[in-house]
4 protein chains.
Amino acid sequence: MRAVVFKEPFAVAVDDVPEPSLKHPNDVIVKVTSACICGSDLHMYEGRTAAEPGIVFGHENMGLIEEVGDGVKTLKVGDRVSMPFNVACGFCKNCQRGFTGFCTTVNPGFAGGAYGYVAMGPWVGGQAEYIQVPHADFNCLPLPAGDEHEADFAMLADIFPTGYHGAELADVSPGESVAVFGAGPVGVMAAYSCVIRGAAEVYCVDHVQERLDKAAGIGAVPINFDEGDAVQQIKDRRNGEGVDKGIDAVGYQAAAPGSSAAGGEQEEVPNIVLNQLIDVVSPTGALGIPGLYVPSDPGGVDENAKKGALSINFGQLFEKGLRLGTGQCNVKKYNAYLRDLIIAEKANPGFVVSHQVPLEDAADAYDKFDKRIDGYTKVILNP
Amino acid sequence: MRAVVFKEPFAVAVDDVPEPSLKHPNDVIVKVTSACICGSDLHMYEGRTAAEPGIVFGHENMGLIEEVGDGVKTLKVGDRVSMPFNVACGFCKNCQRGFTGFCTTVNPGFAGGAYGYVAMGPWVGGQAEYIQVPHADFNCLPLPAGDEHEADFAMLADIFPTGYHGAELADVSPGESVAVFGAGPVGVMAAYSCVIRGAAEVYCVDHVQERLDKAAGIGAVPINFDEGDAVQQIKDRRNGEGVDKGIDAVGYQAAAPGSSAAGGEQEEVPNIVLNQLIDVVSPTGALGIPGLYVPSDPGGVDENAKKGALSINFGQLFEKGLRLGTGQCNVKKYNAYLRDLIIAEKANPGFVVSHQVPLEDAADAYDKFDKRIDGYTKVILNP
Amino acid sequence: MRAVVFKEPFAVAVDDVPEPSLKHPNDVIVKVTSACICGSDLHMYEGRTAAEPGIVFGHENMGLIEEVGDGVKTLKVGDRVSMPFNVACGFCKNCQRGFTGFCTTVNPGFAGGAYGYVAMGPWVGGQAEYIQVPHADFNCLPLPAGDEHEADFAMLADIFPTGYHGAELADVSPGESVAVFGAGPVGVMAAYSCVIRGAAEVYCVDHVQERLDKAAGIGAVPINFDEGDAVQQIKDRRNGEGVDKGIDAVGYQAAAPGSSAAGGEQEEVPNIVLNQLIDVVSPTGALGIPGLYVPSDPGGVDENAKKGALSINFGQLFEKGLRLGTGQCNVKKYNAYLRDLIIAEKANPGFVVSHQVPLEDAADAYDKFDKRIDGYTKVILNP
Amino acid sequence: MRAVVFKEPFAVAVDDVPEPSLKHPNDVIVKVTSACICGSDLHMYEGRTAAEPGIVFGHENMGLIEEVGDGVKTLKVGDRVSMPFNVACGFCKNCQRGFTGFCTTVNPGFAGGAYGYVAMGPWVGGQAEYIQVPHADFNCLPLPAGDEHEADFAMLADIFPTGYHGAELADVSPGESVAVFGAGPVGVMAAYSCVIRGAAEVYCVDHVQERLDKAAGIGAVPINFDEGDAVQQIKDRRNGEGVDKGIDAVGYQAAAPGSSAAGGEQEEVPNIVLNQLIDVVSPTGALGIPGLYVPSDPGGVDENAKKGALSINFGQLFEKGLRLGTGQCNVKKYNAYLRDLIIAEKANPGFVVSHQVPLEDAADAYDKFDKRIDGYTKVILNP
């Protein structure tokens, strides 16, 4: 079958690879209908991880059940399903408490697995015609038959739940004010989730105009951090007050104010968003941090950053009595509810998709998405 | 009246000061029966804060109502009461949500007030014969008449709730394993609170033998960090596993392993406890941080520490999906429940008290407590 | 001053009564700008309670501060404020935990007080020119100066928070399905609150067309229980499935299907809504019950109903593992957040108001509202 | 193999039945080492259900893995395991949210399954030499190898978690006061769980002296309801105050005060415990109801009781703003934590066991347990 294969930094190709087969009674094989490119795929693509050539990318997958293992109870051939990017068993200590992003079964020696991602276990990516899904009763979310809402549902594997996770970690509640840092796909989904949860005011901080426009389009207040200190801009709009809650949808590759947003040119300041959040959130508030931080970053800006150690204004954090939650999204905790919002037409997260292209055009799509050119902000590959 | 007055670094005296009087209809005057010296009083005593000579110390106060303002509804002369170290109004945005440690009314321009503490508002300390208590209906916790449990109840103003707050911030639940860093008064109270909440295993890390003995006495497992890496010692006892939850009852004045525990001699490593907690707590776990961190520390070990910026292993924190809660204890959220445990004889926190001395002996008590000599670990002053 | 005075069943008059004065240092006097008539005022109006002639009605009050007691800290003359219908002290065991509807201070011998309501304490109602507000720092919610959003803000004293309370008691969360019984003012506010909280599907059950239209107008699915069994109608729309959550915004004066909705003619079946909720909510679900049930109802349909004992399908409730929450709304828990939604123009609850009339027209308004004629569904009196 | 088979009301026999075999790749076969008789087995034994002759009883099972299906990942032959009485899949909507007592997979058409119980699915009971366990990775809780704590661990399948569930449903927290109705095995486990969770005062209501003695032995205050109104006795001990929380560990077969506690002679008043709880719990409190109520009871005391409809003082419940939670325990939510308390020797629930007898003596044990003679209160059968 055809699949997106990592060749070397800044190069993928659509190659022939072996078709997956049922390896365990609880497996299914899914014929992929939509697979998105994720910002975190670019970490591998740019050679910023230990990913080896040959890996098949793709952890944002949906499709139709093609083949069903003997042990599977609730799925049948033809069912339309979405798969969380987390691979999870459903029965380990973490999964049974809902922490499916930290499954201890599927990636021995580590808490957490994913499709098509370095160090996340043996699970082949879904930017391909077919994908093997283990623990299928647990990992497949049923969708309505047909092809309605394909782009909306494609967001259920990762970025809609991941954005929502930010709002959940920060416990964003009706009537509150929130500052979301980052208006990329996850950031916009986080802001969107805050709106869905009934926030009164949502500020969305970025310096790319298209992104800020997307944020404004869902009712958030866009804050361009190249136009002045983001924290001050927000406080100025609130009579000097901070906000109740904050979300970091940027992570360690945060850009310095004024540096270019396009490609690898911008100056990286890995702790800037965290410290701005500590500054802008009012005492007793909470921070949700779905944005990625890593314990080992060979491309880090200094020795500390290389091992994931950041200078945090902990004294201020403590004085304000803030709390914070971090980590990969446990997609399965949210995806059924978000699906139902889409079905009820109360949410249409597909608005963040900029391009849908055939799987065969993946190399070009990666190139443009990585360079943020031609408006490439969120791409769906259709095998 | 007589009161403990700060004279200069490493010197307090018991002086005559004016008696307090009712300044507002909601005030009461309390005749102090017990006032403890707190570890945080030593920050001022050692000249490590901006505290000016003349300040009357004392935020862990209890006593008998002496005089009642016109607006007070539920208190009468002679009532025995405990006052949370936080001064709080009961009606501001933070108080009404239970965050009484972050009251915006009693210390204008700052979220949080306390008795007898630098920068915590105009409230005179209670290491004295009498104390003025504002918003008295809100700030006075009624106690049973008489003098039973005086030492136990004296712990209700600060260290028992503060230790308990650590367990609450970490959401310590029945059957869990917990690592508590610090076995000083707050650390032992945190470990004790974990035991009360039904934790299965509580590890308590320190390097002072008397403290470790106190921890062992309540059923915790003592870990001496001078005898080997604390994290490894805990994991070794758990077949290589980490713990579910962690509590930092040390704060920024953390000692390097092997450095002396007595007085100012020990080497300070302000981020060591935080990073060890991140290491020892298992993925999906939580950290409760009642230990003090400050945004400005003139005596900090380096330029970053001086402004409260610490190097935190944030990559590891994120990878594990940990959450953490910080800040001053909201005493009023817990003190009635902890009082009822004392009355029911299910808790006797007074076991941490090493000395009860007359108020007039305060200078000597401060000196010995600061030097940790003659077994001074927790002192009650009796006016 | 002029005020609405209860004369006898089915008769109120606007009379001269003494102006209120400051009785306690923590009081303020508020010049009332808007006071609503509540459905629960009709219980007294219809003679269905122990209310004696002479009582001044009105617990849904807002206005401008006219006079300020010596003990008040945060309010000044001219401030625009909303008062929760619950009178509360802010410092009793219940208030300090947020249960301001169950204050033990303001109505001795009972948990809970209100303005202008039988058995709810000595607090005179606000359908008048002025009102005395005790514990004013706690009981007054500041509003933006001016007269914007007057009708929206008038909903903050009771029905918007009370409807929201139903959603909170049922823990309505994003993506869930909810059945709200009752589309009167509280029911519509409950449905509206579910929409604000991100529910995917909200069903609203009533048999008055205007009410069902209001529900439809905010995106709820109207269900007319005169047109077939309400439970079955909902399940039919959901492929035979029940809903995640249910809200009872009707209470004990529930109407039998097919009986007239106008006035006192309809047949009362006090347990019908509770048992229908038990039927329609799926296993593991939750019920929020803000609708009023009383322990003593002289007009009850039978001996059991007269003492508040209802036949509940408890076996079914248990088999489904349902949970439920009841009781008067703790307005202060929500009103600041709901106010901020109004200011941000994310909520405009004033849409439920059918009439705004001068205070002097109160008798006519009571008559028409009680008879549900001329479209009287929610009335604001303007003194 | 040998197994306890239901023959007719008041008669079981130990018969030869077919050995179970692996029927699905996710199954294991467990060699039973301990299987308890549960009070709910007596419902079937007494002919009070639709259970047909031939059914093999036993849902409180533990043992050693004998055989392992192809799909099982984490278990191997010889592992010592406890099985929750609930059979659950781990992946349905309810299981994935932790409601394993309401699994929609294992008992088609109903939410919830169990071993050896009428209407709870096809799962053969474990009062036998071997038992088939489906979804074994999910349903088997690993225990330490060996035979230590066998009686304690035998409580993990049902009564320890079920008692704990009562405390959880009532949200029993440190320092609170609780009234537990029923001091049978579940009631004592509920009281024990309250003690473990740090309750300040636990009252335990029954009228069987041995049971009351067991309650007293763990630090609860025994209340004999034959010696005066239980509610009044509790309030008298609390200066007229009610309690914070209440637990119903009795259910619908509640005895009238003064009626005999032995066997079927006592007068049944199915709503008495619920209404006493509503009476004794203070406003804003909560009720946990693990005691069984059924929607169909052929032996009910009247027509309403036969269909599970009970007269509840709902007016009083509402006026107090109480909340309540009901239903079968979701064992898997708690059993790993309770196991760890046993391993750490912080809990030894085996103290409730009165008799351990060979499987072959089951008929005699059922007879004596049903008659509550010779001190039979909790029996373990050892195959």
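How each quantity is defined
- Residues numbered from 1 in each chain as written.
- Chains lettered and ligands numbered in written order.
- Predicted model: local features only at pLDDT ≥ 70, side-chain atom pairs only at ≥ 80, totals over all residues.
- Heavy atoms only, no water.
- Least-squares fit on C-alpha atoms with pLDDT ≥ 70 in both.
- Contact = heavy atoms within 4.5 Å.
- Buried area = accessible area lost by both parts, 1.4 Å probe.
- Salt bridge = Lys/Arg side-chain N within 4 Å of Asp/Glu carboxyl O.
- Nonpolar A, V, L, I, M, F, W, Y, C, P; charged D, E, K, R; others polar.
- Axes fitted to C-alpha atoms, helices over the stretch in contact; angles between N-to-C directions.
- Helix = DSSP H or I, 4+ residues; strand = E, 2+ residues; numbered from the N terminus.
- Parallel < 35°, antiparallel > 145°, perpendicular 65-115°, else oblique.
- Left-handed = near helix turned anticlockwise from the far one by under 90°.
- Buried < 20%, exposed > 50% of the residue type's maximum accessible area, 1.4 Å probe, protein only.
- Pairing = 2+ DSSP bridges.

Q: Sorry if this is basic, but what is going on with the relation of the copies chain C and chain A here?
A: Two chain copies here: they are related by a rotation about an axis and a translation along the same axis. At an RMSD of 0.0 Å, chain C and chain A line up after a rotation of 180 degrees and a shift of 0.0 Å along the axis. Within this description, the copies of the chain are treated as partners about a two-fold rotation axis. No C-alpha of chain C approaches the rotation axis more nearly than that of C:Arg197, which lies at 2.6 Å.

Q: What should I look at first to understand the interface of chain C and chain A in this one?
A: By a frequent convention, interface size equals the accessible area lost on bringing the separate parts together. With 15 residues of chain C at the contact, the number on the chain A side is 15 residues. Note on chain C versus chain A: buried area summed over both sides is about 1300 Å², and carbon and sulfur give 57% of it. For the chain C face of the interface with chain A, the top three residues by lost area are C:Pro174, C:Tyr337 and C:Lys346, together amounting to 35%. Across the chain C-chain A interface, the total number found is zero salt bridges. Looking at the side of chain C that touches chain A residue by residue, the class counts come to eight nonpolar, three polar and four charged.

Q: Which parts of the structure should I look at to understand the relation of the copies chain A and chain B?
A: For these two chains of identical sequence, chain A goes onto chain B by a turn of 180 degrees and a shift of 0.0 Å along the axis, with RMSD 0.0 Å. Taken as a fraction of all interface residues of chain A, those also at the interface in chain B reach 100%, which identifies the copy contact as same-surface.

Q: Any chance you could explain the packing of helix α5 (residues 159–169) of chain D against helix α6 (residues 185–196) of chain D here in plain terms?
A: Axis angle and axis distance: for two packed helices, these are the angle between their axes and the distance between the axes, and together they describe the pair. All names here are of chain D. Here α5 crosses α6 at 60 degrees, and the two axes come no closer than 7 Å. The pairing of α5 with α6 is recorded here as oblique in orientation. With respect to the hand of their crossing, α5 and α6 are arranged in right-handed fashion. Here α5 contributes Ile159, Phe160, Thr162, Gly163, Tyr164 and Ala167 to the contact with α6, which in turn contributes Pro185, Val186, Met189, Ala190, Tyr192, Ser193, Cys194 and Ile196. Taken together, the residues that form the contact of α5 with α6 break down as eleven nonpolar, three polar and no charged.

Q: Sorry, what's going on with the pattern of salt bridges here?
A: Opposite charge on two side chains permits them to pair, given that their charged atoms come into close proximity. All chains considered together, the criterion is met by 80 salt bridges over all chains. Here B:Arg80 ties to B:Glu150 by a salt bridge, and the two come within 2.9 Å at their closest N and O atoms. Here B:Arg80, found in strand β5 (residues 80–83), pairs with B:Glu150, found in helix α4 (residues 150–154); they are 70 residues apart in sequence, far enough to count as distant. You'll find B:Arg80 and B:Glu150 in the same group, each marked buried. Here D:Lys378 ties to D:Glu60 by a salt bridge, and the two come within 2.9 Å at their closest N and O atoms. Here D:Lys378, found in the loop between α13 (362–371) and β18 (379–382), pairs with D:Glu60, found in strand β4 (residues 60–68); they are 318 residues apart in sequence, far enough to count as distant. With respect to burial, D:Lys378 and D:Glu60 carry one shared label: buried. A cluster of three or more residues bridged by salt bridges with shared partners is formed by A:Arg2, A:Asp16 and A:Glu360.

Q: What is the right way to read the environment of D:Leu22 from this model?
A: Its location among the elements puts D:Leu22 in the loop between β2 (11–16) and β3 (28–37). Once residues within four sequence positions are removed from consideration, D:Leu22 is found in contact with D:Asp27, D:Val28, D:Ile29, D:Glu67, D:Val68 and D:Gly69.

Q: What exactly am I supposed to notice about the sheet that holds strand β13 (residues 243–248) of chain C here?
A: Strand pairing within a sheet occurs via backbone hydrogen bonds; the two strands may be parallel or antiparallel. Taken in spatial order, the twelve strands of this open sheet run β12(C)-β11(C)-β10(C)-β13(C)-β14(C)-β16(C)-β16(D)-β14(D)-β13(D)-β10(D)-β11(D)-β12(D), and their pairing is mixed. Each having just a single partner strand, β12 (221–224) of chain C together with β12 (221–224) of chain D make up the two edges of the open sheet. For this sheet the average axis-to-axis angle between neighbouring strands, irrespective of direction, equals 20 degrees. Where strand β11 (residues 201–206) of chain C and β12(C) come together, four bridges link them in parallel fashion. Directly across from C:Val205, in β12(C), lies its bridge partner C:Ile223. Against the sheet, helix α9 (residues 272–280) of chain D makes contact with β10 (177–181), β13 (243–248) and β14 (281–289) of chain D, and its axis sits at roughly 150 degrees relative to β14(D), the strand it touches most.

Q: So what exactly am I meant to see when it comes to the side chain of B:Asn275 here?
A: Looking at where B:Asn275 falls in the secondary structure, it is placed in helix α9 (residues 272–280). Excluding residues that lie within four positions of it along the chain, B:Asn275 makes contacts with B:Ser311, B:Ile312 and B:Asn313.

Q: When you look at the sheet that holds strand β11 (residues 201–206) of chain A in this model, what are you seeing that I'm missing?
A: One open sheet accounts for twelve strands, arranged β12(A)-β11(A)-β10(A)-β13(A)-β14(A)-β16(A)-β16(B)-β14(B)-β13(B)-β10(B)-β11(B)-β12(B); its pairing is mixed. A strand with exactly one partner marks an edge of an open sheet, and here the two such strands are β12 (221–224) of chain A together with β12 (221–224) of chain B. Averaged over all pairs of adjacent strands, the angle between strand axes in this sheet comes to 20 degrees, irrespective of strand direction. Where strand β13 (residues 243–248) of chain A meets strand β14 (residues 281–289) of chain A, four bridges bridge the pair, whose relative direction is parallel.

These figures capture arrangement, not role.
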